[in-house]
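# Structure at a glance
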2 protein chains.
Amino acid sequence: MGDDHSTARPLRADARRNRERVLQIAQEALASDGLTISFDEIARRAGFGVGTVYRHFPTREALFEAVLLGRMERFVADARALATAEDPGRAFFGWFRTVVEQASVNQALCEMLEGGTVPAFRRGTTLEADFAAALGRLLQRAQRAGAVRGDLRTEDVQDLLRGCLTAERRARARGGKVAMAEVVCDGMRSHPR
Amino acid sequence: MGDDHSTARPLRADARRNRERVLQIAQEALASDGLTISFDEIARRAGFGVGTVYRHFPTREALFEAVLLGRMERFVADARALATAEDPGRAFFGWFRTVVEQASVNQALCEMLEGGTVPAFRRGTTLEADFAAALGRLLQRAQRAGAVRGDLRTEDVQDLLRGCLTAERRARARGGKVAMAEVVCDGMRSHPR
DNA sequence: GTAGAATCGGAGAGATCCCTCCGGTTGCCG
DNA sequence: CGGCAACCGGAGGGATCTCTCCGATTCTAC
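Summary of the structure given here. (Residues numbered from 1 in each chain as written. Chains lettered and ligands numbered in written order. Predicted model: local features only at pLDDT ≥ 70, side-chain atom pairs only at ≥ 80, totals over all residues. Heavy atoms only, no water.)

As a matter of local geometry, DNA strand D sits amid 22 residues, with Asp40 and Arg60 of chain A together with Arg9, Asn18 and Gly51 of chain B nearest to it. A share of 62% of the atoms of DNA strand D within 4 Å of the protein falls on sugar and phosphate groups. For DNA strand D, a base nitrogen lies 3.1 Å from a polar atom in the side chain of Arg12 of chain B. For the surface near DNA strand D, the elements supplying multiple residues, two or more each, are helix H1 (13-33), helix H2 (39-46) and helix H3 (50-56) of chain A together with helix H1 (13-33) and helix H3 (50-56) of chain B. Ranked by residues supplied to the surface near DNA strand D, first place goes to H3 of chain B with five residues. Of the residues belonging to the surface near DNA strand D, the class tally is eight nonpolar, seven polar and seven charged. (Near = heavy atom within 4 Å. Polar contact = N/O pair within 3.5 Å; in protein donor to acceptor, adjacent residues only side chain to side chain. Helix = DSSP H or I, 4+ residues; strand = E, 2+ residues; numbered from the N terminus. Nonpolar A, V, L, I, M, F, W, Y, C, P; charged D, E, K, R; others polar.)

As structure tokens, this is what we get:
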């Protein structure tokens, strides 16, 4: 969705190949090195001159967004798909754990979710709003079903998610297991205590 | 401990004042802006030329360490002081919560604890080893007393701490309350379930 | 095969950032 | 109050990063 060069002629074959390669390399670089990686470095790893990469992506941010936004949108899509699931509690916790699991292996994705460093995923952005709304809907249904504590707000869950990402990512980096997500999910449940 | 200019003559009065002011400004800048702040920017905020600041601190890292290491050492000292407390569980959880509470208001302190970006607090450093050792001792005592799950290792607790820092810091930034530390502490307790 | 358009490559402008160097200024001691 | 050691200030070197520009190269349509 959103092929914004629909009126333009299709890319030349070699340009298309190169564009694909840049995306591939950028994806790997971002996953392993995070958002601090330089544009020049990505061009170098891909084996292109910087001019070539800039031809395809007008800005450093544009390249990063082309790589990262798709993944974010998939999280949103997952949440929406689960919004009508039978078991709201199961849907909420399952989604939460999936996001932590999938994002924690990707350095740049974690940083994007944690801080406000990517312009396209900031407070007030459409994507950020969609993410929050989708999360909020899952949360609300789970709360109505009595599976999640009623005093939790959407922002609270977002912050808990960020915390889980930090913990799981570090644990993964040293080859250990922390299961921060499990502990936090337990904490979010309605406790009968 | 470690006043390495004991043989040198004392600083001139104006130099001493300026040094103090630099530390003060750097402390504020690091707390609010984190480790990415530039040396030039700190000099500018303090109202000095960069040469003046470099006279007192030979390197950017040296300045940062002068500001941050004291706080870290206090956490270690706190842990050591609690190592002989009556109630090991109470000591462990109290220390954990204190660290989260005090560090989460300081951007640079969080980043230092989370990543390995400050040379003086890396794997293999004395300070990092002291921190881990002090934490480990608190943990072990709490586990022997049956207050904390036995399968938790020191590194696990460190990662959980990092996660709490991320969550609490973000919550604090938006004026909300998350109590991530509470949830995680609950999760670390031996559950009778 | 060839003309012409699309694409590539990388030098370099402009902005920072860390740090050095040294002339001008200031505080301290007798 | 005079002399000098200590200190201040900021210009600028060297490195790195984002992004631009245009000659050289490559692809494609005929």
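Anyway, onward from the coordinates.
Before going further, it helps to spend a moment on the pattern of salt bridges. Between side chains of opposite charge, a pair can form when the charged atoms approach closely. Applying the stated criterion to the full structure yields 26 salt bridges over all chains. The partner of Arg174 of chain A in a salt bridge is Asp159 of chain B, with the nearest N and O atoms 2.8 Å apart. Here Arg174 of chain A, found in the loop between helix H8 (154-173) and helix H9 (180-188), pairs with Asp159 of chain B, found in helix H8 (residues 154-173), and the two come from separate chains. You can call Arg174 of chain A partly exposed: its relative accessible area is 29%. Across the salt bridge formed by Asp186 of chain B and Arg189 of chain B, the nearest N and O atoms sit 2.9 Å from each other. Asp186 of chain B sits in the partly exposed class, given a relative accessible area of 35%. (Salt bridge = Lys/Arg side-chain N within 4 Å of Asp/Glu carboxyl O. Buried < 20%, exposed > 50% of the residue type's maximum accessible area, 1.4 Å probe, protein only.)

Further remarks concern the protein's contact with DNA strand C. Among the 22 residues in the neighbourhood of DNA strand C, the closest are listed as Arg9, Asn18 and Gly51 of chain A together with Ala13 and Arg60 of chain B. Protein-adjacent atoms of DNA strand C, using a 4 Å cutoff, are sugar or phosphate at a proportion of 62%. A distance of 2.4 Å separates a phosphate oxygen of DNA strand C from a polar atom in the side chain of Asn18 of chain A. Contact distances for DNA strand C include 3.3 Å between a base oxygen and a backbone N or O atom of Gly51 of chain A. Listing elements by their share of the surface near DNA strand C, those giving two or more residues are H1 and H3 of chain A together with H1, helix H2 (39-46) and H3 of chain B. Take the surface near DNA strand C: its biggest share by element is five residues, from H3 of chain A. Looking at side-chain class alone, the surface near DNA strand C contains eight nonpolar, seven polar and seven charged residues.

Here we take up the interface of chain B and chain A. Taken together, the 23 residues of chain B in the interface contact 23 residues of chain A. When chain B packs against chain A, close to 1,900 Å² is buried across both sides, 57% of that on carbon and sulfur atoms. Ranking the residues of chain B by area buried against chain A places Asp159, Arg170 and Arg174 of chain B at the top, with a combined share of 29%. A salt bridge links Arg174 of chain A to Asp156 of chain B, with the shortest nitrogen-to-oxygen separation between them at 2.7 Å. Where chain B touches chain A, the interface holds eleven residue pairs in polar contact (both at pLDDT 80 or more). Those elements giving two or more residues to the side of chain B that touches chain A turn out to be H8 and helix H9 (180-188) of chain B. Looking at the side of chain B that touches chain A element by element, the count peaks at eleven residues for H8 of chain B. (Contact = heavy atoms within 4.5 Å. Buried area = accessible area lost by both parts, 1.4 Å probe.)

When chain B is fitted onto chain A, the two copies agree to an RMSD of 0.1 Å after a turn of 179 degrees and an axial shift of 0.0 Å. On the angle and the small slide along the axis, the relation comes out as a two-fold axis. Within chain B, the C-alpha atom positioned nearest to the axis of rotation is that of Gly163 of chain B, 2.0 Å from it. (Least-squares fit on C-alpha atoms with pLDDT ≥ 70 in both.)

As a further point, take H1 of chain A. All names here are of chain A. End to end, H1 covers 30 Å across 21 residues, agreeing with the expected 30 Å (1.5 Å per residue, within 8%). Among the residues making up H1, those that are buried are Ala15, Val22, Leu23, Ile25, Ala26, Gln27, Ala29, Leu30 and Ala31. The elements touched by buried residues of H1 are H2, H3, helix H4 (60-81) and helix H6 (107-114). Looking at the residues trailing H1, positive phi occurs at Gly34, about 85 degrees. (Expected span 1.5 Å × (residues − 1).)

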